[in-house]
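# Structural features, examined
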Amino acid sequence: TTVSEEVIKVLSTMIEESADEDVPVPSDVLYEVLSRLIDPVRTSNPAAFKISCELVRKCEHQLHAPIQTFLTRAMHGTVDEDDELSPLSKRHVDIIEEIAVCDPTALVTVWPSVTDDLQADDLSMRLRAVKLLGRVLAFDASKIAEDYPHL
């Protein structure tokens, strides 16, 4: 096994043990995983990016729900300023792009929110949803159009 495989094993075990159905993953852990999916860390530390992608896949029971909640709140601008994830809320489109490639199933509850936004009466909301969907669909490795044809 490689060093990164061992790191993934240790980190995934820590994440699994830090959360259960009644206790969500701590915000600082979620912040560390998500922040490594976007620049500047994504390009400056590709190993950390790959590990974060793998953690999103491996720890689906612990990470998917908090990721979906955060991204949906960020899309609608409802992340509190004092929330530990607040600094990432303005980068939610970048995070969605990366997760769409790493593990599209992590976004399964985010897409209906995007669809609702596409049909909203508010023009600015529709435009944000169109831009988000356009960026994700245009992303080289994205298979969202295949996985979610209704979008």
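Residues numbered from 1 in each chain as written. Predicted model: local features only at pLDDT ≥ 70, side-chain atom pairs only at ≥ 80, totals over all residues. Heavy atoms only, no water.

All right, on to the state of the cysteines then. For the structure on display, the rule yields 1 disulfide. With a sulfur-sulfur separation of 2.0 Å, Cys53 is cross-linked through a disulfide to Cys102. A residue pair is termed long-range when its members are at least 10 positions apart, and Cys53 in helix α4 (residues 46-58) and Cys102 in helix α7 (residues 92-102) qualify at 49 residues. The exposure class of Cys53 is buried, given its relative accessible area of 5%. According to the relative accessible area criterion, Cys102 is buried, its value standing at 9%. (Disulfide = S-S within 2.5 Å. Helix = DSSP H or I, 4+ residues; strand = E, 2+ residues; numbered from the N terminus. Buried < 20%, exposed > 50% of the residue type's maximum accessible area, 1.4 Å probe, protein only.)

Attention shifts here to the packing of helix α2 (residues 27-35) against helix α5 (residues 60-75). Two elements in contact, α2 and α5, have axes separated by 11 Å at closest approach and are oriented at 80°. Taken together, the axis directions place α2 and α5 in an arrangement best described as roughly perpendicular. Here Leu30, Val33 and Leu34 of α2 come into contact with α5, specifically with Leu63, Pro66, Ile67 and Phe70. Its residues placed into classes, the contact of α2 with α5 shows 7 nonpolar, no polar and no charged. (Axes fitted to C-alpha atoms, helices over the stretch in contact; angles between N-to-C directions. Parallel < 35°, antiparallel > 145°, perpendicular 65-115°, else oblique. Contact = heavy atoms within 4.5 Å. Nonpolar A, V, L, I, M, F, W, Y, C, P; charged D, E, K, R; others polar.)

Here Ser89 shows up in helix α6 (residues 86-89). Engagement of the side chain of Ser89 in a polar contact is seen with the backbone oxygen of Ser86, the distance being 2.8 Å. With residues near it in sequence (within four places) discarded, Ser89 still touches Phe70, Ala74 and Val79. (Polar contact = N/O pair within 3.5 Å; in protein donor to acceptor, adjacent residues only side chain to side chain.)

With that settled, consider the environment of Ser35. Within the secondary structure layout, Ser35 lies in helix α2. Among the residues examined, Ser35 registers a relative accessible area of 9% and is labelled buried. Sequence-distant contacts of Ser35, defined by excluding residues within four places in its chain, comprise Val41 and Leu88. Side-chain polar atoms of Ser35 contact the side chain of Arg36, separated by 3.0 Å.

Judged by nonpolar contacts, the single largest core of 41 residues is most densely connected at Leu34, Leu63, Phe70, Leu71, Ile96, Ile99 and Trp111. Listed by contribution, the elements that provide at least two residues to this core are α1 (3-18), α2, α4, α5, α7, α8 (110-118) and α9 (123-138). Aside from chain neighbours lying at most four places away, what touches Ile99 is Leu34, Leu37, Ile67, Leu71, Pro104, Ala106 and Leu107. (Core = buried A, V, L, I, M, F, W, Y, C linked by side-chain atoms within 4.5 Å.)

Overall, the coordinates contain 0 aromatic pairs when judged by the stated rule. When the ring centre of Phe49 is taken as origin, the NZ or CZ atom of Arg42, which lies over that ring, is 4.4 Å away. (Phe/Tyr/Trp six-rings, centres within 6.5 Å; stacked < 30°, edge-to-face > 60°. Lys NZ or Arg CZ within 6 Å of the ring centre and 35° of its normal.)

On to α9, then. Over its 16 residues, α9 extends 22 Å from the first C-alpha to the last, a length consistent with the 22 Å expected when each residue adds 1.5 Å. Restricting attention to buried positions, one finds in α9 the residues Ala129, Leu132, Leu133 and Val136. Along the axis of α9, the buried positions cluster into a sector of 95°, meaning they face one direction only. Opposite the packed face of α9, turned more than 90 degrees from it, sit the exposed residues Lys131 and Ala138. (Expected span 1.5 Å × (residues − 1). Arc of directions from axis to C-beta.)

As for its placement among the helices and strands, Trp111 is situated in helix α8. Separated by 33 residues in sequence, Trp111 and Ile144 place their C-alpha atoms 9.9 Å apart.

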